[in-house]
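If you want the building blocks of each chain, they are given just below.
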Amino acid sequence: MINSQIKSPDNVILLHEIGHAAGLVHEGAVIKNADVLNVMQYYDPKATVLPGRDGLKPNQVKRLATAYFATSPKKVK
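The present account deals with the structure reproduced in this document. Quick caveat, the model's predicted, so the values are computed rather than measured.

**A word on the overall build of the protein chain**
Within the protein chain one finds 2 helices and 0 strands. Put simply, the protein chain has 77 residues, and 22% of those count as buried. Counted over contacts in the protein chain with a minimum sequence separation of 6, partners at least 24 positions apart contribute 35%. Per element, the accessible surface of the protein chain, about 6000 Å² overall, is 59% carbon and sulfur.

Here is the structure:
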């Protein structure tokens, strides 16, 4: 569930939650490391400076592309 009354400063909460639905997990705590920053980075609403969560790692793209909700339905015979 996403609280639609709260605006996310980085505007990636929906994509982040879709990532969870595809089986992705948090990439760790809030870290200022360019190798870790991506949409699955943990969001800390108390942080005054948010790390950029605007990237996707290749494994995350693959996982999203092969998720059950992203694949074509099989034809029923």
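Don't stop here, the text continues.
**Brief notes about the packing of aromatic side chains**
Using the criterion set out here, one finds 1 aromatic pair in the structure. Judged by centre distance (5.3 Å) and plane angle (80°), the ring pair of Y68 and F69 falls under edge-to-face. Residue classification places Y68 among the exposed positions, given a relative accessible area of 66%. Residue F69 is classed as partly exposed on the basis of its relative accessible area, which comes to 39%.

**Focus on the side chain of Q60**
Mapped onto the elements, Q60 comes out in helix α2 (residues 58–65). On the accessibility criterion, Q60 (0% relative accessible area) is buried. When residues no more than four places from it in sequence are discounted, the contact partners of Q60 are L24, E27, N38, M40 and G55.

Rules used in this analysis
Residues numbered from 1 in each chain as written. Predicted model: local features only at pLDDT ≥ 70, side-chain atom pairs only at ≥ 80, totals over all residues. Heavy atoms only, no water. Helix = DSSP H or I, 4+ residues; strand = E, 2+ residues; numbered from the N terminus. Buried < 20%, exposed > 50% of the residue type's maximum accessible area, 1.4 Å probe, protein only. Contact = heavy atoms within 4.5 Å. Areas by Shrake-Rupley, 256 points an atom, 1.4 Å probe, with all protein chains shown as cover. Phe/Tyr/Trp six-rings, centres within 6.5 Å; stacked < 30°, edge-to-face > 60°.

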